[in-house]
Amino acid sequence: MFSLLIVDDHKHQVETLAATLPWEELGISTIHKAYEGQGALAIMEMHPIDIIITDIRMPGMSGLDLLEQIHESNRKIDAILLTGYAEFEYAKKAIELHAVEYLIKPVRDQLLIDAVSRVISKRQNDLQHSQAFKQANAILHQNLPLLKENVLNDLLQGAEISHKQLTEKLEMYQIPFTFGDCIRFMVIQFDPHFYESYTASDMKLFEYAVMNMAEELLQGHFSLWTRKAPQDHVTLMLKPIHSGRTVWSEEGLVSIANLLLEQVHRYLKGTVAIYLSTPAQFPEEVHANYSSVVSSVFSASERQGVFNLNKHDVSSRGLEPLRSLYQAPMLIQLMESNNLDKMNEKLHAIFQELEQKQADSRAHLREAYLHILSCFTFLAHKKGKVLEDIIGIGSVHKEHSVIHSAKQLKAWCILILEALIEGAPTVDDENHQQLVHKIQTYIHQNLSKDVTLQSISEHVYLHAVYLSKIYKEITGLNLSEYILHARMEEAKRLLEKTSFKIYEITEKVGYQSPQHFIRRFKKYYGVTPDIFRKQ
């Protein structure tokens, strides 16, 4: 609904207009009345006004003077001017002051109603466009980090982006880089210990934390553009804040990188390797420069430290193939003979070489992963099956999660080999019991969270289907049954030993609503939590 101000030095005309026309039907809920210009200004100071109907000729301040004051104050008020004189100068001045309607007295009611209707229709359209713009702007800002990351990702991958398109995106997304800037990359690689010790969701938090630490240390000196890469490293593109500066302070950048190294160790209890690229020109040299530093990351065996590629190219050492992969007898030959003991010996030799410092690089891990994957595929085909059908698509194509360390790759190999070699277990009963203990410990430590088969399988590095099967074989229980048992036992303990409210216990044992928890508890113990506590 809108508000209207009627201004005329003839009081009876103001009262008549206010009382006789169907303002409410037009969408006007509030009507204000003034009998001269100063009074109208006073009302506008006290109340929001959307539309003003004013006579032009009034003693003291004319309607045109009033409109000029409104215009100068930048108030968004639509004006309808009334006059008894069809003079060109009046009309011209009204147009200059952005009056939306100019009517000659005496004005028929229908003409005035039509004029007000047009003004209201215009304001409603403006309001809709304004709301749509605000909504679009809100969506843009909500998705701005992802949009920025996507543009950087295209540049790093060498995608073709025209000068015009890139300029528009840099401006629209408020990215502080422009053509001709001198840039460098900082690439942060996590130690495999992180991936061996934490779940995928935990790793996202660690990556976010490291990104924040880096931004806090760098933002006072550099403009930043960041991306979390698919290769599991964090990428930051930097340029000095001082415009036109192309000479980099090597000592300053290395000093910040070392400080970041210390903070990761202190707060996250882990290590990272930080690689600083050579300077490059934006955007022409971005792809080549980034590819060069990623090549160094991939071939490096170092897990901690700052590597300034201007002075220390970690990829300069010659890479040699893993000898154990290709020495006779080869793994594929052993699989053809179905000799499990020999297969395990061969895998042990491969992982022993991988774990040596000179070979423990992402490049060597990928070499071993692809070689062993091809052998497993051969063994599955030999049995007349598809590898994906035996252990699931997710477990076959897990390069992103097994490529971090020899330890993870070894766990992945044991999983697949166990599934492929029927009736030939690769771990003894003691190891099975250790696995069960690890699973149950994880469940009890995470009861308040959404403990699922998938989260447990990620924690112990086993495929979810295989994990469920082996747990049932060892314990005689489904994992879901054990999770329910653990939750009910913990709920029982909390009811007996603490004064926590029911809703608090609900959260502590991993349920979303007290009603759901109460139903499960009653089904398990035969009584509600309240009755159980009273007993």
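Here the structure is a predicted model, which is why all the values come from computation and not from measurement. Residue numbering note: each chain is counted from 1, following its sequence as written. Local features in this predicted model are restricted to residues whose pLDDT is 70 or higher, and side-chain atom pairs enter the listing and the counts only when it is 80 or higher, whereas totals over whole chains, interfaces and linings include all residues. Hydrogens and water molecules were not included; the side-chain quantities draw on all heavy atoms of the structure.

Chemist: So what exactly am I meant to see when it comes to the overall build of the protein here?
Modeler: Numbering goes from the N terminus for both helices and strands, where a helix is a DSSP run of H or I of at least four residues and a strand is a run of E of at least two. Regarding its fold elements, the protein presents 27 helices and eleven strands. When accessible area is computed with a 1.4 Å probe and restricted to protein chains, residues below 20% of their type maximum are described as buried, those above 50% as exposed, and intermediate ones as partly exposed. In the protein, buried positions account for 44% of the 535 residues. At a minimum sequence separation of 6, the contacts of the protein that also span at least 24 residues come to 66%. Two residues qualify as a contact provided that any one of their heavy atoms is within 4.5 Å of a heavy atom in the partner residue.

Chemist: For this particular structure, what's the right way to read the packing of aromatic side chains?
Modeler: To describe a pair of aromatic rings, one takes the distance between the centres and the angle between the planes. Working definition: a ring pair exists when centres of Phe, Tyr or Trp rings (six-membered ring for Trp) sit within 6.5 Å. Plane angles under 30 degrees give stacked, over 60 give edge-to-face, the rest tilted. Under the criterion given, the structure shown has 15 aromatic pairs. Relative to F282, the ring of F177 lies with its centre 5.9 Å away and its plane at 45 degrees, an arrangement referred to as tilted. Of the two residues, F177 is situated in the loop between α8 (163–172) and β6 (182–190) and F282 in the loop between β10 (280–281) and α12 (286–299); the sequence distance between them amounts to 105 residues. In terms of burial, F177 and F282 fall into one category: buried. Between Y525 and F532, the ring centres sit 5.8 Å apart and the planes meet at 40 degrees, which makes this aromatic pair tilted. Classification of Y525 by relative accessible area gives partly exposed; the value is 24%. Each member of the aromatic cluster is reached from another via a ring pair, and the members are Y511, F517, F521, Y524, Y525 and F532. Positioned over the ring face of Y35 is K11, at 5.6 Å from the centre of the ring. Here the guanidinium or amino end of K508 rests over the ring plane of F500, the centre of that ring lying 4.6 Å away. When the NZ atom of lysine or the CZ atom of arginine is within 6 Å of a ring's centre and also within 35 degrees of its normal, the charge is said to sit over that ring.

Chemist: How should I be thinking about the pairing of strand β4 (residues 78–83) in this particular structure?
Modeler: A regular strand places its side chains so that they alternate between the two faces of the sheet. Of all six residues in β4, six are buried, a share of seventy percent or more. Call a crossover right-handed when, viewed with both strands pointing away from you, the route from the first strand across the helix to the second goes clockwise. With respect to chirality, the unit in which strand β3 (residues 51–55) leads through helix α4 (residues 63–72) into the neighbouring parallel β4 is right-handed.

Chemist: Just checking my understanding: could you explain the sheet that holds β4 for this structure?
Modeler: Here the rule is simple: two strands pair whenever DSSP picks up at least two bridges between them. Across the sheet, five strands lie side by side as β2-β1-β3-β4-β5; this open sheet has parallel pairing. Only two strands of the sheet have a single neighbouring strand rather than two, namely β2 (28–34) and β5 (101–104). Averaged over neighbouring strand pairs, the angle between their axes works out to 15 degrees when direction is ignored. Axis definition: a line fitted to C-alpha atoms, limited for helices to the stretch in contact. Angles are taken between N-to-C directions and run from 0 to 180 degrees. The sheet contacts of helix α1 (residues 11–20) involve β1 (2–7) and β2, and relative to β2 the element is tilted by about 175 degrees. Against the sheet, helix α3 (residues 37–46) engages β1 and β2, with an angle of about 140 degrees to β2.

Chemist: What should I look at first to understand unusual backbone geometry in this one?
Modeler: Cis peptide bonds are those with omega within 30 degrees of zero, and the linkage from F282 to P283 qualifies with -5 degrees. Looking at the secondary structure, you find P283 in the loop between β10 and α12. Positive phi outside glycine occurs at N74, with the angle close to 60 degrees. For N74, the position within the fold is in the loop between α4 and β4. Overall, the relative accessible area of 65% leaves N74 in the exposed class.

Chemist: What should I look at first to understand the nonpolar core in this one?
Modeler: Considering soluble globular proteins, one finds that nonpolar side chains tend to be buried as a cluster. For this analysis, a nonpolar core means a set of buried residues of the types Ala, Val, Leu, Ile, Met, Phe, Trp, Tyr and Cys, connected via side-chain atoms within 4.5 Å. Counting 49 residues, the largest nonpolar core has L354, F376, L409, W412, I439, I443 and I456 as the members making the most contacts within it. When contributions to this core are tallied by element, the ones reaching two or more residues are α14 (331–337), α15 (340–354), α16 (362–382), α20 (406–420), α21 (429–445), α22 (453–460), α23 (464–475) and α24 (479–497). The leading source of residues in this core is α16, at nine residues. The next biggest cluster of nonpolar side chains, apart from the first, holds 29 residues, and it includes M186, V210, A214 and I274.

Chemist: How should the packing of α15 against α16 be read in this particular structure?
Modeler: For any two helices packed against each other, the geometry is given by the interaxial angle and the distance between the axes. Two numbers describe how α15 lies on α16: the axes approach to 11 Å, and their chain directions differ by 165 degrees. Judged by the angle between their axes, α15 and α16 are roughly antiparallel. Crossing of α15 over α16 shows left-handed handedness. Contact residues: L347, I350, F351 and L354 in α15; H364, L365, A368 and I372 in α16. Residues belonging to the contact of α15 with α16 are distributed by class as follows: seven nonpolar, one polar and no charged. Roughly parallel here means an angle under 35 degrees, roughly antiparallel means over 145, roughly perpendicular means 65 to 115, and every remaining angle is called oblique. In this scheme the crossing of two helices becomes right-handed for a clockwise turn of the near helix relative to the far one and left-handed for an anticlockwise turn of less than a right angle. In this count, Pro and Cys sit with the nonpolar residues alongside Ala, Val, Leu, Ile, Met, Phe, Trp and Tyr, while Asp, Glu, Lys and Arg are called charged and the others, Gly among them, polar.

Chemist: So what exactly am I meant to see when it comes to the pattern of salt bridges here?
Modeler: Two side chains with opposite charge may pair up if their charged atoms get near one another. Only one rule defines a salt bridge in this text: a Lys or Arg side-chain nitrogen within 4 Å of an Asp or Glu carboxyl oxygen. Per the counting criterion, the structure on display carries 13 salt bridges. The shortest N-O distance in the salt bridge between E15 and K33 comes to 3.0 Å. Taken as a pair, E15 in helix α1 and K33 in strand β2 lie far apart in primary sequence, 18 residues in all. For D78, the salt bridge identified is with K122, shortest N-O distance 3.7 Å. With D78 in strand β4 and K122 in helix α6 (residues 109–142), the pair connects residues that are 44 residues apart, well separated along the chain.

Chemist: Just to check I follow, could you spell out the packing of α22 against α23 for this structure?
Modeler: Direction vectors running N to C along α22 and α23 enclose 90 degrees, while the axes themselves pass 9 Å from each other. Considered as vectors, α22 and α23 are oriented roughly perpendicular to each other. On α23, the residues that touch L453, Q454, I456, S457 and V460 of α22 are A464, L467 and S468. Split by residue class, the contact of α22 with α23 holds five nonpolar, three polar and no charged.

Chemist: Whenever I open this one, the environment of E207 confuses me. Can you help?
Modeler: The topology assignment puts E207 in helix α10 (residues 200–218). With 21 residues separating them along the chain, E207 and K228 place their C-alpha atoms 7.9 Å apart. If sequence neighbours within four positions are ignored, E207 has contacts with F190, Y195, K228 and V234.

Chemist: Quick question: what am I supposed to make of the side chain of S62 here?
Modeler: By the secondary structure assignment, S62 is in the loop between β3 and α4. The exposure class assigned to S62 is buried, which follows from its relative accessible area of 18%.

Chemist: Would you take a moment to explain the state of the cysteines for this structure?
Modeler: Formally, a disulfide is one covalent bond, and it connects the sulfur atom of one cysteine to the sulfur atom of another. Disulfides are defined in this document as cysteine sulfur pairs within 2.5 Å. According to the stated counting rule, one finds zero disulfides in the structure shown. Its sulfur unpaired, C375 is 9.7 Å from the next cysteine sulfur, which belongs to C413. Classification of C375 by relative accessible area gives buried; the value is 2%.

Chemist: How should α6 be read in this particular structure?
Modeler: Three or four residues apart is the spacing at which side chains of an α-helix point the same way, because the helix has 3.6 residues per turn. The first and last C-alpha atoms of α6 sit 49 Å apart over 34 residues, in line with the 50 Å expected at 1.5 Å per residue. Among the residues of α6, L112, I113, A115, V116, V119, I120 and R123 are the ones counted as buried. In this scheme, a helix's expected span is set at 1.5 Å multiplied by one less than its residue total.

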